[in-house]
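Below are the chains, spelled out letter by letter.
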Amino acid sequence: MPKNFSLNSNNDKAESSETVLSIEHLYKSFGANKVLVDFNLDLVRGENVVVLGKSGSGKSVLIKCIISLLNPDSGSIRMFGSNIPDIKNDVLDKIRAKVGFLFQSNALYDSMTVRENLEFPLRRHWISVTQRQVNAMVQEALEEVGLAHTIDSMPAELSGGMRKRIALARTLILKPEIILYDEPTTGLDPITAKEIINLMIEIRERYTTTSLIISHDMNCVRMASSRVVMLIDGSCYASGSFDQLANNADPKVKQFFE
Amino acid sequence: MYKLPYKMIASYLPSLNIFLKEAGEIARFTGRFFTQWFKPRYEIAELLRQCFVIGYRSLPLVGLTAFILGLVLTIQLRPSMEDYGVASQLPAIVGIAIIREIGPVIVALIFAGKIGSSIGAELGSMKVTEQIDAMEVSGTNPFKYLVVTRVLAATLMLPVLVLLGDAVSLYGSWLGVNIRGNTSFYLFWTQVFNSITFSDVLPAFIKSYFFGFAVGVVGCYKGFNSNKGTEGVGRSANSAVVVSSVMIFLIDLLAVQVTDVLGLN
Ligand SMILES: Nc1ncnc2c1ncn2[C@@H]1O[C@H](COP(=O)(O)OP(=O)(O)O)[C@@H](O)[C@H]1O
Ligand SMILES: [Mg+2]
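Residues numbered from 1 in each chain as written. Chains lettered and ligands numbered in written order. Predicted model: local features only at pLDDT ≥ 70, side-chain atom pairs only at ≥ 80, totals over all residues. Heavy atoms only, no water.

Chemist: Honestly, the overall build of chain B in this entry has me stumped. Any pointers?
Modeler: In terms of helices and strands, chain B carries eight helices and zero strands. Walking chain B from its N terminus toward its C terminus, one meets helices and strands in the order α-α-α-α-α-α-α-α. Taken along its principal axes, the extent of the C-alpha atoms in chain B is 65 × 65 × 35 Å. Burial analysis of chain B (265 residues in total) assigns 45% to the buried set. The contacts in chain B between residues at least 6 apart in sequence include a share of 82% that link residues at least 24 apart. For chain B, the accessible area works out to roughly 13800 Å², and carbon and sulfur atoms hold 70% of it. (Helix = DSSP H or I, 4+ residues; strand = E, 2+ residues; numbered from the N terminus. Buried < 20%, exposed > 50% of the residue type's maximum accessible area, 1.4 Å probe, protein only. Contact = heavy atoms within 4.5 Å. Areas by Shrake-Rupley, 256 points an atom, 1.4 Å probe, with all protein chains shown as cover.)

Set out below in structure tokens:
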């Protein structure tokens, strides 16, 4: 019976679209601190899922497990036909080239210029790329975020919003199929935050990327999400569209929408 | 009866525990270096850049301190040498002191202060602002790109700096000799080179490699394991200098035992 049921639901999904990221029974703890407890999540191509959770609830741990910056204790993370915790480094690097990661603190290399920052992932992932191609791609990525004139600046000379855009350009430069955003609007003023959200929406439409966005900024959630997943006590507590969750009566869900 | 200050000794026990844990961690980190440095992908460009940065950036400071050291040492030694009636042996004595011991140790300490702290702070801030994570997702092994290159560069550059420091220091010494006496440049160097032997130079040169390695490893270890926050970065830089300075003396102590056993003293 259960087998039949899962088969059916698979068929339903296959009709609409394919699953690009599938997380099952994910556990992660640091000593006695159980951060993720049986977390499950499926991401369908073209979707924009927002994971909503309080700070310290393990959102960053979740996406760091996805990109294998942290090793989960158990559970599977399937992406591009591989189970991420099991694969070897060379395969992992190929997958990482297809997954963009926007860090919460931007993680721009502060000893390098903007140009060198953007060149870094290109040269590292695609060893045989020519200087001409590199220049063109750097230019294109910077134009995408509207900051072509900052190409020779150092990250420290730029404002917080500009640094976030540069970081986004560096993420985009490899044309990733999936982008993971770690709190893209935290620490920005509301207007800049809105600009970043609009940029994220624009990018999704232009490149048809799938995105997993981690946030506790309700503006970001409302504007950017096609589906919202609530991470409470280490697992997926509730999920649905923004409006569905906003009208949910459960007090644990409600507290986010007040 | 004299009583041992048990309470005071006991109060040091927790720090002893921390010290041993830390020593174990640094040993593990060093082990990781040895399992990684010879495997591809080789970060040659970054290694050369680090050699330039680490070696070149330390030159002025090493030169200045070494020069003053040679000059002052000579001036200070002269009265005692005159008392014994061996003032003419000044270049020989200063030469041996600088080449065997003072040159390597002082240059290594300066190096620890300048390079150890800057590696600790640089990697520490890269750690807390997720730059090391960003490197990893960009198809780069951060341990190879950041740690192996810096440790190798520090190991290769310190002996060069020690040689240059020795030379500048002896030049300072020549000036010191000539404040009161009158020794030609040629005579000074002849005296220095006549008094030193291969067994003076070689152990000093070899231990410089170990000093450089220690500074590189400790700086990288401290930076790589920096705690969150800007305060953590400062602490990494600071303890990189303290720990690597202590290590320099420990290595020096070991080296003198080894040369003694080998009959090189
Ligand atoms: N490397 C680590 N070592 C130990 N504990 C960690 C580590 N990373 C995160 N944690 C813990 O995991 C919990 C979740 O952290 P995080 O995912 O960063 O929260 P957030 O949801 O705000 O992004 C926190 O309690 C944090 O202390
Ligand atoms: Mg976080």
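Chemist: I keep staring at the sheet that holds strand β8 (residues 210-215) of chain A and nothing clicks. Help me out?
Modeler: All names here are of chain A. Pairing is mixed in the open sheet, where six strands are placed in the order β6-β7-β8-β3-β9-β10. Looking at the sheet topology across the chains shown, the edges are occupied by β6 (99-102) and β10 (235-240). When strand polarity is set aside, the average angle formed by the axes of neighbouring strands in this sheet is 20°. In this structure, strand β3 (residues 48-52) lies alongside strand β9 (residues 227-232), joined through four bridges in parallel fashion. Its bridge partner being in β9, Val-51 is matched across the sheet by Val-229. Lying on the sheet, helix α2 (residues 59-66) is in contact with β3, β6, β7 (178-182), β8 and β9; it crosses β8 at an angle near 150°. Sitting on the sheet, helix α6 (residues 160-172) touches β6 and β7, and the angle it makes with β6 is about 165°. (Pairing = 2+ DSSP bridges. Axes fitted to C-alpha atoms, helices over the stretch in contact; angles between N-to-C directions.)

Chemist: When you look at the domain arrangement of chain A in this model, what are you seeing that I'm missing?
Modeler: When the parts of a complex come together, some accessible area is lost, and that lost area is often used as the size of the interface. Residue and element names in this part refer to chain A. The assigned domain composition of chain A is domain 1 (5-98 + 176-254) and domain 2 (108-175). Just the C-alpha atoms count here: the centres of domain 1 and domain 2 sit 25 Å apart. Listed as interface residues are 18 residues of domain 1 and, on the opposing side, 13 residues of domain 2. A buried area of about 1400 Å², summed over both sides, lies between domain 1 and domain 2, and 68% of it is on carbon and sulfur atoms. The three residues of domain 1 that bury the most area against domain 2 are Pro-176, Leu-199 and Tyr-207, which together make up 38% of that side's buried surface. At the boundary of domain 1 and domain 2, one finds two salt bridges. (Domains from an automatic or database assignment. Buried area = accessible area lost by both parts, 1.4 Å probe. Salt bridge = Lys/Arg side-chain N within 4 Å of Asp/Glu carboxyl O.)

Chemist: How do you make sense of the interface of chain A and chain B when you look at a structure like this?
Modeler: Across the boundary between the two partners, chain A contributes 21 residues, which contact 15 residues of chain B. Summing the contributions of chain A and of chain B, the shared interface buries around 1600 Å²; its carbon and sulfur component is 49%. Across the chain A-chain B interface, the total number found is four salt bridges. Measuring nitrogen to oxygen at the nearest pair gives 3.5 Å for the salt bridge that ties Asp-133 of chain B to Lys-64 of chain A. Inspection of the chain A/chain B interface yields 14 residue pairs in polar contact (both at pLDDT 80 or more). Elements that contribute at least two residues to the side of chain A that touches chain B include exactly α3 (89-96) and α4 (114-125) of chain A. (Polar contact = N/O pair within 3.5 Å; in protein donor to acceptor, adjacent residues only side chain to side chain.)

Chemist: When you look at the pattern of salt bridges in this model, what are you seeing that I'm missing?
Modeler: Any two side chains of opposite charge can pair, so long as their charged atoms come close to each other. Residue and element names in this part refer to chain B. Counting across every chain of the model gives 25 salt bridges over all chains. We note a salt bridge from Asp-252 to Lys-207, for which the minimum N-O separation is 2.8 Å. Of this pair, Asp-252 sits in helix α8 (residues 230-261) while Lys-207 is found in helix α7 (residues 198-224), placing the two residues 45 residues apart along the sequence. The exposure class assigned to Asp-252 is buried, which follows from its relative accessible area of 9%. One network of salt bridges, with partners in common, ties together Glu-46, Arg-49, Glu-122 and Arg-150.

Chemist: I would appreciate a short explanation of the packing of α4 of chain A against α6 of chain A in the present structure.
Modeler: A pair of packed helices can be characterised by two numbers: the angle between their axes and the separation between those axes. Residue and element names in this part refer to chain A. Here α4 crosses α6 at 30°, and the two axes come no closer than 8 Å. Relative to α6, the element α4 is oriented roughly parallel. Crossing hand, α4 versus α6: right-handed. Touching Val-114, Asn-117, Leu-118 and Pro-121 of α4 are Ile-166, Ala-169 and Arg-170, all from α6. The residue inventory of the contact of α4 with α6, partitioned by class, reads five nonpolar, one polar and one charged. (Parallel < 35°, antiparallel > 145°, perpendicular 65-115°, else oblique. Left-handed = near helix turned anticlockwise from the far one by under 90°. Nonpolar A, V, L, I, M, F, W, Y, C, P; charged D, E, K, R; others polar.)

Chemist: Even after reading the chapter, I still don't get the confidence of the model for chain B, so can you show me in this structure?
Modeler: One rule of thumb: low pLDDT means the predicted coordinates there are not for detailed reading. Residue and element names in this part refer to chain B. Confidence in the prediction for chain B averages 93 pLDDT; 100% of positions are at 70 or higher. Per-element confidence in chain B ranges from a low mean pLDDT of 90 for helix α1 (residues 6-36) to a high of 96 for helix α5 (residues 142-180). Here the prediction assigns the complex a pTM of 0.90, and the interface score ipTM is 0.88. (pLDDT = per-residue confidence, 0-100.)

Chemist: For this particular structure, what's the right way to read the confidence of the model for chain A?
Modeler: Summary statistics for chain A give a mean pLDDT of 88 and a share of 94% for residues scoring 70 or more. Segment residues 1-15 of chain A is flagged for pLDDT under 50; beyond a separation of four residues in sequence, or across chains, it makes two contacts in the model.

Chemist: Mind showing me how you'd approach the packing of α1 of chain B against α7 of chain B here?
Modeler: Residue and element names in this part refer to chain B. For the pair α1 and α7, the least separation of the axes is 10 Å and the interaxial angle reads 105°. Classified by the interaxial angle, the pair formed by α1 and α7 is roughly perpendicular. Between α1, through Glu-22, Glu-25, Ile-26, Phe-29, Thr-30, Arg-32, Phe-33 and Phe-34, and α7, the contact on the second element is made entirely by Phe-213, Val-217, Cys-220, Tyr-221, Lys-222 and Phe-224. Split by residue class, the contact of α1 with α7 holds nine nonpolar, one polar and four charged.

Chemist: I'm lost on α8 of chain B in this one. Help?
Modeler: Along an α-helix, residues three or four positions apart point the same way, because every turn accommodates 3.6 residues. Between the first and last C-alpha of α8 of chain B there are 47 Å, a value that for 32 residues agrees with the 46 Å anticipated at 1.5 Å per step. The first or second residue beyond α8 of chain B is Gly-263 of chain B, which carries a positive phi of 75°. (Expected span 1.5 Å × (residues − 1).)

Chemist: Would you explain the pairing of β9 of chain A in this entry?
Modeler: Here is the key point about a regular strand: its side chains alternate between the two faces of the sheet. The element β9 of chain A is largely enclosed, with a buried count of five among its six residues. Hairpin connection of β9 of chain A to β10 of chain A: two residues between the antiparallel strands, including Asp-233 of chain A at a positive phi of 50°.

Chemist: Can you help me understand a nonpolar patch on the surface in this one?
Modeler: Residue and element names in this part refer to chain B. Taken together, the side chains of Leu-156, Phe-198, Leu-202, Ile-206, Tyr-209 and Phe-210 define a hydrophobic patch exposed on the protein surface, amounting to about 580 Å² of accessible area. With five residues, α7 is the largest single contributor of residues to the nonpolar patch. With respect to the secondary-structure elements, Leu-202 resides in helix α7. For Leu-202, a relative accessible area of 33% translates into the label partly exposed. (Patch = residues over 30% accessible without salt bridge, like charges linked within 9 Å, V, L, I, M, F, W, Y side chains within 5 Å.)

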